[in-house]
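Below are the chains, spelled out letter by letter.
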Amino acid sequence: MLLRSRIISTGSYLPEKVLSNSEMEKMLDTSDEWITERTGIKERRIADNTQAASDLAFEASKIALERAGLGPEDIDLIIVATITGDMPFPSTACFLQDKLGATNAAGFDINAACSGFLYSLYIADSFIKSGMHRRILVAGTEALSKITDWDDRTTCVLFGDGAGAVIVEPSNDDSGILSIHINSDGKMWDLIHVPGGGSRNPASQSSIEQRLHYIKMKGNETFKVAVRTLEDIALKTLQENNIDPSGLSLLIPHQANLRIIQATADRLKVPMDKVIINLDKYGNTSAASIPIALDEALQSGRIKEGDYILLEAFGGGLTWASALIKW
Ligand code: UT7
């Protein structure tokens, strides 16, 4: 039998501070009604001044380790998906390794924006299958509030902070990750990006005055591409495994916009009661959204042994990805 990898435990962490739509109404020209209707978001969590991406990932990873009954020294690789790393370098995975005391692990980061967790899971799955690693910690963590332009109502109402983590090991039966598919299209890089702070537009007084260090998004165009590509990649993943959408127990989508989630579920003919939604509480947490949603689904008993679960994500790059898991 072909070796598979499987997720043996999960954890998640959300910062304590809640920022509701009604509080945002007082900050800028927006309304709870607009945000709720256009996105489904009601509130989001905001990291405090002392919390960077590795701090959020640390909290989520501790829980995942504890639930697996493992110590930090049992991990041999750490992959962190983030676009809001603590610093341009070193990697956030190195900060996380140090905080956990995971002295036997190597670590690196993956930047695939909102698809980052599934890209990281793809790598973890390949490394387990090849026998290169035996126990991998994959974390998706974002402190998006730190790169959000709080004067731009078209983006600032969308994002939130949080982290999720999973531990991946070889499977000893036919459960586990059945397949993961990843895609990129760099031609559409400008639909969602942060123009400043890299080698293209290094940080300077002028880059800061032009607010280049904040997220820019062409929301409407992004929306249309998202719906199309998510349907395509979800169907491709299901077809590859000869599973009909009706055979899915659960769909765990990236939490960007309720209308995107509904449109994708509609196209796949998956009823909404089989779809995990938590963006009303957390907004779009980019690379953290799927591992947080997966953790909440598990903790609330919505996942049973033998269930087929489809994960799907779309984000900056552009990138998109999906994974089919037999739990
Ligand atoms: O996670 C990675 C991928 N990201 C996404 O998938 C995001 C995809 N895009 C979206 O979720 C949606 O496009 C948005 C929620 C960002 C925007 O929704 P929309 O229905 O596409 O609205 P729009 O951008 O076409 O804007 C409609 C109107 C505009 O006013 P006019 O020009 O029609 O007068 C905006 O200025 O809504 C206005 N508007 C707002 N009004 C109140 C934009 N933002 C706000 C706001 N409050 N926060």
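See the structure printed just above.
Described in the following lines is the structure provided in the data block. The structure presented is a predicted model; accordingly, all values stated were derived computationally and were not measured.

## Comments concerning the layout of surface pockets
- The calculated volume of the second largest pocket comes to roughly 190 Å³.
- In terms of lining residues, the second largest pocket is bounded by Arg-6, Ile-7, Ile-8, Asp-173, Asp-174, Ser-175, Gly-176, Glu-305, Gly-306, Ile-325, Lys-326 and Trp-327.
- Where the lining of the second largest pocket is concerned, the elements lending two or more residues are β1 (5-13) and β13 (319-326).
- Per-element tally for the lining of the second largest pocket: the top contributor is β1, with 3 residues.
- When the residues that make up the lining of the second largest pocket are grouped by side-chain class, the tally is 4 nonpolar, 3 polar and 5 charged.
- Lining the lining of the second largest pocket are residues from two domains, each supplying at least three of them: domain 1 (5-172) and domain 2 (178-326).

## Some thoughts on the state of the cysteines
- Counted by the stated rule, this structure contains 0 disulfides.
- Lacking any disulfide linkage, Cys-114 is separated from the closest cysteine sulfur, that of Cys-156, by 16 Å.

## Observations concerning the pattern of salt bridges
- For the structure shown, the criterion picks out 14 salt bridges.
- Measuring nitrogen to oxygen at the nearest pair gives 2.9 Å for the salt bridge that ties Asp-149 to Arg-211. Taken as a pair, Asp-149 in the loop between β6 (136-143) and α6 (153-156) and Arg-211 in the loop between α7 (205-209) and β10 (216-217) lie far apart in primary sequence, 62 residues in all.
- Residue Asp-149 is classed as buried on the basis of its relative accessible area of 6%.

## Points about the nonpolar core
- Core analysis: the largest hydrophobic core is formed by 33 residues, its most contacted members being Leu-118, Leu-121, Ile-252 and Leu-311.
- Element by element, the count of residues in this core is highest for helix α5 (residues 116-130), at 7 residues.
- Both domain 1 (5-172) and domain 2 (178-326) contribute no fewer than three residues apiece to this core.
- Excluding its chain neighbours within four sequence positions, the residues that come into contact with Ile-252 are Ile-276, Ile-290, Ala-293, Leu-294, Ala-297, Ile-303, Ile-309, Leu-310, Leu-311 and Glu-312.
- Ranked by size, the runner-up nonpolar core spans 25 residues in total, among them Ile-147, Val-157, Ile-215 and Trp-320.

## Here we look at the packing of helix α8 (residues 219-240) against helix α9 (residues 258-268)
- Viewed as axis vectors pointing N to C, α8 and α9 meet at an angle of 35°, and their least axial separation amounts to 9 Å. Between α8 and α9 the crossing geometry is right-handed. Across the interface between the two elements, Phe-223, Ala-226, Val-227, Arg-228, Leu-230, Glu-231, Ala-234 and Leu-235 of α8 pack against Arg-259, Ile-260, Ala-263, Thr-264, Arg-267 and Leu-268 of α9.
- Partitioned by chemical class, the residues of the contact of α8 with α9 number 9 nonpolar, 1 polar and 4 charged.

## Things to note about the site of the ligand
- Near the ligand, the surroundings consist of 24 residues, among which Thr-30, Arg-153, Asn-220, Asn-257 and Asn-284 are the closest.
- A distance of 2.7 Å is found between an oxygen atom of the ligand and a side-chain nitrogen or oxygen belonging to Asn-257.
- Note that an oxygen atom of the ligand is positioned 2.7 Å from one of the side-chain N or O atoms of Asn-284.
- When the ligand is considered free in solution it has 960 Å² of accessible area, and contact with the protein chains removes 73% of it.
- Going through the elements one at a time, α2 (32-39), α6, α8, α9 and β12 (308-315) are the ones with two or more residues in the shell around the ligand.
- With 4 residues, α8 is the single largest residue contributor to the shell around the ligand.
- When residues of the shell around the ligand are sorted by domain, at least three fall in each of domain 1 (5-172) and domain 2 (178-326).

Scoring rules and cut-offs
- Residues numbered from 1 in each chain as written.
- Predicted model: local features only at pLDDT ≥ 70, side-chain atom pairs only at ≥ 80, totals over all residues.
- Heavy atoms only, no water.
- 1 Å grid on protein atoms, 1.4 Å probe; cavity = no way out; pocket = protein on both sides within 12 Å on 5 of 7 lines; lining within 4 Å.
- Points joined across faces, edges and corners; volume = space filled by probe spheres on them.
- Helix = DSSP H or I, 4+ residues; strand = E, 2+ residues; numbered from the N terminus.
- Nonpolar A, V, L, I, M, F, W, Y, C, P; charged D, E, K, R; others polar.
- Domains from an automatic or database assignment.
- Disulfide = S-S within 2.5 Å.
- Salt bridge = Lys/Arg side-chain N within 4 Å of Asp/Glu carboxyl O.
- Buried < 20%, exposed > 50% of the residue type's maximum accessible area, 1.4 Å probe, protein only.
- Core = buried A, V, L, I, M, F, W, Y, C linked by side-chain atoms within 4.5 Å.
- Contact = heavy atoms within 4.5 Å.
- Axes fitted to C-alpha atoms, helices over the stretch in contact; angles between N-to-C directions.
- Left-handed = near helix turned anticlockwise from the far one by under 90°.
- Near = heavy atom within 4 Å.
- Polar contact = N/O pair within 3.5 Å; in protein donor to acceptor, adjacent residues only side chain to side chain.
- Areas by Shrake-Rupley, 256 points an atom, 1.4 Å probe, with all protein chains shown as cover.

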